[in-house]
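Now for the letters of each chain:
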Amino acid sequence: MSILTYKLRHNRDFATELQKATRVANYSLKHRKCRTTKDVKHIGLKACIANQILKKYGSNKKLKNVASVKLTINGYFVKVDKEKKEIEIPSLKLKLNYLFPNEFTKVNQVELDHKYIYISVQIPDKPQIQVDHYLGVDRNTTGHCAVCAIPKTGKVYKLGKKAFHIHRKYKKIRQHLQKANAKQMLKKIRKREKNIIKDINHKVARKIIEIAKENNCGIKLEKLGGIRDSKGAKNRKINKNGESFKSSINNWEFYQLQQFIEYKSKICGMPVLYIDPHYTSQKCSRCGLIGNRNGKKFSCPHCGHVDHADSNAAFNIAAFEFQEKSLSNDQLITDRDVIKGSTDTPQLETQQPMRAVA
Ligand SMILES: [Zn+2]
């Protein structure tokens with residue numbers, strides 16, 4: 001099961017309610033013993049909304065006050081008419097038509113701010129589609145965008161080129177603001193940049209799913225290490241390009257893209273596999289031996305193969321002898337031993353077609 005959140009404009013003025021919601025949240029932060037809607041009745045926010053806000057903020061010991069709070073309504077208090085594609089929140093006297101697909105089983109929660117309503121719904125996962133080949137997704141080293149390659153057809157897709165320009169543009173703005181010591185503005189700009197990238201990531205993920213559907217293939221991604229435990233230097237892992245996770249600003253973005261790909265593919269039953277990224281950038285995707293990577297260019301001294309470095313890596317990822325995401329390292333090695341008899345000889349995918357040079 002997956003949870004998806006859809007964002008719609010509500011075209012209503014909820015300023016009064018939003019103010020009340022912020023007051024409820026701040027009241028609960030100040031009065032630690034405030035636990036029930038009775039305690040905040042004097043503020044005058046509908047009990048079902050106040051209740052959700054108390055749940056969210058009442059137990060928060062770190063926060064001292066909040067500037068703005070969304071109106072939060074439990075799905076239980078939301079009515080849905082799937083035939084009319086209409087959602088109704090009686091406590092706010094709000095009725096809205098939605099455009100997103102009816103594939104959800106229930107509404108989990110609804111949140112509102114000044115402009116938008118965020119509807120979180122539960123979506124059952126589809127049974128996994130049977131596939132006989134995979135596409136590989138690699139990050140583009142010249143920007144954030146991804147490179148997608150399908151060994152079976154030899155096709156390469158370069159996606160999300162816009163991200164590169166966004167980063168360049170915002171880097172300049174950030175440097176400018178840093179010089180001027182405009183901290184508030186800097187924060188705002190960082191947030192805006194993040195949002196734009198998030199949007200691009202959603203689009204790129206959607207495109208990758210589309211490509212996989214068209215080719216009836218699964219998706220292989222590189223396993224990113226250390227993204228969750230990058231706090232200490234001890235845990236800091238080096239990625240395949242030899243840079244630490246902290247120093248590479250693009251890592252969380254690529255991680256976000258992977259997350260989007262994963263949940264979107266789950267919904268349509270597309271298999272996603274994670275592979276060990278070791279050697280995916282150094283190995284030649286044609287002969288399997290180690291070649292030379294020089295910036296954007298990859299060349300193989302053994303077979304003469306020349307390719308864009310990112311495409312070469314994406315082909316390697318796609319053709320990788322896969323490892324199930326959930327398996328531990330020990331299991332991986334044993335499993336591969338069973339299948340291939342050996343883990344230390346690089347294996348070529350049988351009958352890999354020759355492909356046009358990208
Ligand atoms: Zn080669």
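Residues numbered from 1 in each chain as written. Predicted model: local features only at pLDDT ≥ 70, side-chain atom pairs only at ≥ 80, totals over all residues. Heavy atoms only, no water.

## Looking at helix α3 (residues 162–180)
And step 1. End to end, α3 covers 27 Å across 19 residues, agreeing with the expected 27 Å (1.5 Å per residue, within 8%).
And step 2. Every buried residue of α3 is accounted for by Ala163, Ile166, His167, Tyr170, Arg174 and Leu177. Angularly, the buried residues of α3 cover 95 degrees about the axis, an arc narrow enough to put them on a single face. What points out from α3, more than 90 degrees from its buried face, is the exposed set Lys172, His176 and Lys179.
And step 3. A positive phi of about 60 degrees marks Asn181, the residue just after α3. (Helix = DSSP H or I, 4+ residues; strand = E, 2+ residues; numbered from the N terminus. Expected span 1.5 Å × (residues − 1). Buried < 20%, exposed > 50% of the residue type's maximum accessible area, 1.4 Å probe, protein only. Arc of directions from axis to C-beta.)

## Some remarks on the pairing of strand β7 (residues 116–123)
And step 1. Counted residue by residue, β7 has eight buried out of eight residues, so it is predominantly covered.
And step 2. Residues of β7 alternate between two faces, with Tyr116, Tyr118, Ser120 and Gln122 on one and Ile117, Ile119, Val121 and Ile123 on the opposite face, all of them buried.
And step 3. Relative to β7, strand β1 (residues 2–9) runs antiparallel, the two sharing eight bridges. Counted as the bridge partner of Leu8 is Ile117 from β7.
And step 4. Where strand β6 (residues 106–112) meets β7, six bridges bridge the pair, whose relative direction is antiparallel. Directly across from Lys106, in β7, lies its bridge partner Gln122.
And step 5. Where β6 hands over to β7, the hairpin turn is made up of three residues, counted between the paired strands. (Pairing = 2+ DSSP bridges.)

## Structural notes on the sheet that holds strand β15 (residues 306–308)
And step 1. The strand order across the open sheet formed by three strands is β13-β14-β15, and the pairing between neighbours is antiparallel. Strands at the two margins of the open sheet, each flanked by one partner only, are β13 (292–294) and β15. Looking at each pair of strands side by side, their axes are set apart by 20 degrees on average, direction ignored.
And step 2. Strand contacts of helix α6 (residues 309–319): β13, β14 (297–299) and β15, with the helix running at about 95 degrees to β15, the strand carrying the most contacts. (Axes fitted to C-alpha atoms, helices over the stretch in contact; angles between N-to-C directions. Contact = heavy atoms within 4.5 Å.)

## Some points on unusual backbone geometry
And step 1. Of note, the phi angle at Asn11 is positive, near 55 degrees, even though the residue is not glycine.
And step 2. Phi is positive for Asn181, close to 60 degrees, though the residue is something other than glycine.
And step 3. Its location among the elements puts Asn181 in the loop between α3 and α4 (183–215).

## With respect to the coordination of the zinc ion
And step 1. The protein atoms donating to the zinc ion are Cys284 (SG), Cys287 (SG), Cys300 (SG) and Cys303 (SG), with metal-donor distances spanning 2.2 to 2.4 Å.
And step 2. Considering all four donor atoms around the zinc ion, angles at the metal cover 104 to 116 degrees and the coordination shape is tetrahedral.
And step 3. Mapped onto the sequence, the residues coordinating the zinc ion show the spacing C-x2-C-x12-C-x2-C. Separated by 16 residues along the polypeptide, Cys284 in the loop between β12 (272–275) and β13 and Cys300 in the loop between β14 and β15 bring together distant segments of the chain. (Donors = N, O, S within 2.8 Å, 3.2 Å for Na, K, Ca; no water. Tetrahedral: all angles 85-135°; square planar, octahedral: opposite > 155°, others 65-115°.)

## Digging into the confidence of the model for the chain
And step 1. Mean pLDDT over the chain stands at 81; residues scoring 70 or higher make up 81%.
And step 2. Within the chain, the element-level pLDDT minimum falls on helix α7 (residues 329–340), averaging 33, and the maximum on strand β3 (residues 79–81), averaging 96.
And step 3. The model gives residues 227–247 a pLDDT under 50, and that stretch makes 37 contacts with residues more than four places away or in other chains. (pLDDT = per-residue confidence, 0-100.)

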